[in-house]
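Coordinates in review
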Amino acid sequence: MNMEDTKQLQNMASGKIFGTRLLRVNDHGHTEDLDYVVVEEPVEIMVEHGPANERESTSVSITMRTPGHDDLLATGFLYSEGLISRREEITEISVTSEAASNKGNRVVVSLTTDATFDVASLSRNFYMTSSCGVCGKASIDALRMHNLPFLENGQPRFDSSFFHRLPEILLDEQRVFEHTGGLHAAALFDRDGKLVSLKEDVGRHNAVDKLIGESLLNEKLPLNNFVILVSGRISFELVQKALMAGLPVMAAVGAPSSLAIQLASRFGMTLIGFIRDGRYNIYSGRDRVFETIVKSKS
């Protein structure tokens, strides 16, 4: 990579890419080189809440993430975890970087004075990492679903060919992944297969939260007529977050877990995995797609 390419890359993904020296080894020997890896840093999500004369600040989560869109990440996390329910509850979101404060990276979401924020329901602070989703919850009781919507049966419907091109579009738009190979991505598509938004992060849960946060702040929820595609596998928590956003279809280039399938089936979500090479598997909600498959063969 020449100097001009390096500057372009750094400008494009400021704060998301870290340059490092390495030794490339193969059967013919080794060479020293400069490479780029994705940045991973912690961020603390805090909520300011309570009546005007009794305002409190509560630390809700510390998550490892790729810097960028921290306001969307915090908003999406609070919504997908059921800690806020409406855009109108948020009055301000402030983001402080580690460089500007000795307290580290922090996002403070300020709620209205009449917003309900049940501190007692947080048996302990959430703690997530890029490899740990549900296991970061206080106990198995925290997995109980609260206010998850049951999706409309079989709606909307999609042609069976709709899903084949989605991974290609996702990969084409993953700018940072192209240079580092170390990021997950979550993409939102409309019913015409048009890419609406894409977010990248070292944590797959964070990428989904960023999409949901963006949709909430833009007052686009629920996402009843959209499809979400994730770059890796589908876990229980990803399905939970997608359901909170009202998404009827969740697809992935990888496999779903058993609990993800059970949760999607329970609430009427179409779950699709292993989209690649012109094929895919439907694990639940086949009525949104399977009818078109049957008709095309009859």
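About the thresholds
Residues numbered from 1 in each chain as written. Predicted model: local features only at pLDDT ≥ 70, side-chain atom pairs only at ≥ 80, totals over all residues. Heavy atoms only, no water. Core = buried A, V, L, I, M, F, W, Y, C linked by side-chain atoms within 4.5 Å. Buried < 20%, exposed > 50% of the residue type's maximum accessible area, 1.4 Å probe, protein only. Helix = DSSP H or I, 4+ residues; strand = E, 2+ residues; numbered from the N terminus. Contact = heavy atoms within 4.5 Å. Arc of directions from axis to C-beta. Salt bridge = Lys/Arg side-chain N within 4 Å of Asp/Glu carboxyl O. Phe/Tyr/Trp six-rings, centres within 6.5 Å; stacked < 30°, edge-to-face > 60°. Lys NZ or Arg CZ within 6 Å of the ring centre and 35° of its normal. pLDDT = per-residue confidence, 0-100.

Brief notes about the nonpolar core
Soluble globular proteins: nonpolar side chains tend toward being buried together. Core analysis: the biggest nonpolar cluster contains 46 residues, and Leu78, Val239, Met250 and Met269 have the highest contact counts within it. Looking at this core element by element, the count peaks at six residues for helix α6 (residues 236-244). If we ignore the near neighbours within four places in the chain, the residues touching Val239 are Ile234, Met250, Ala260, Leu263, Ala264, Met269 and Leu271. Counting 19 residues, the second-largest nonpolar core is a separate cluster that includes Phe162, Leu170, Ala187 and Ile282.

Quick word on helix α7 (residues 258-267)
Those residues of α7 lying buried are Ala260, Leu263, Ala264 and Phe267. Across the axial projection of α7, the buried residues extend over an arc of 100°, all falling on one side. What points out from α7, more than 90 degrees from its buried face, is the exposed set Ser258, Gln262 and Arg266. Of the residues flanking the end of α7, it is Gly268, one or two places downstream, whose phi is positive at about 80°.

Some words on the pattern of salt bridges
All chains considered together, the criterion is met by eleven salt bridges. The salt bridge partner of Asp33 is Arg24, with a shortest N-O separation of 2.8 Å. Classification of Arg24 as partly exposed rests on a relative accessible area of 37%. Of the charged contacts, one joins Lys241 and Asp209 as a salt bridge, the two residues approaching to 3.0 Å between their closest N and O atoms. Residue Lys241 is found in helix α6, and its partner Asp209 is found in helix α5 (residues 204-217); the two are separated by 32 residues along the sequence. The network of salt bridges with shared partners includes Glu41, Arg65 and Asp70.

A look at the packing of aromatic side chains
Overall, the coordinates contain four aromatic pairs when judged by the stated rule. On the basis of an interplanar angle of 80° and a centroid distance of 5.0 Å, the ring pair of Phe162 and Phe163 is categorised as edge-to-face. For Phe162, a relative accessible area of 13% corresponds to the buried category. Judged by relative accessible area, which is 0%, Phe163 ranks as buried. Where Phe163 meets Tyr280, the ring centres are 5.5 Å apart and the plane angle is 65°; that geometry is what we call edge-to-face. Of this pair, Phe163 sits in the loop between β7 (126-127) and α3 (166-173) while Tyr280 sits in strand β13 (residues 279-284); the two residues are 117 residues apart in sequence, bridging distant segments of the chain. Counting every residue linked through ring pairs, the aromatic cluster contains Phe158, Phe162, Phe163 and Tyr280. The ring of Phe158 carries the charged tip of Arg191 above its face, separated from the ring centre by 6.0 Å.

Focus: the confidence of the model for the protein chain
Fine structural detail should not be taken from predicted coordinates in areas where pLDDT scores are low. Overall, the prediction assigns the protein chain a mean pLDDT of 82, with 78% of residues at 70 or greater. Confidence over residues 8-13 falls short of pLDDT 50; this stretch has eight contacts with residues more than four positions distant or in other chains.

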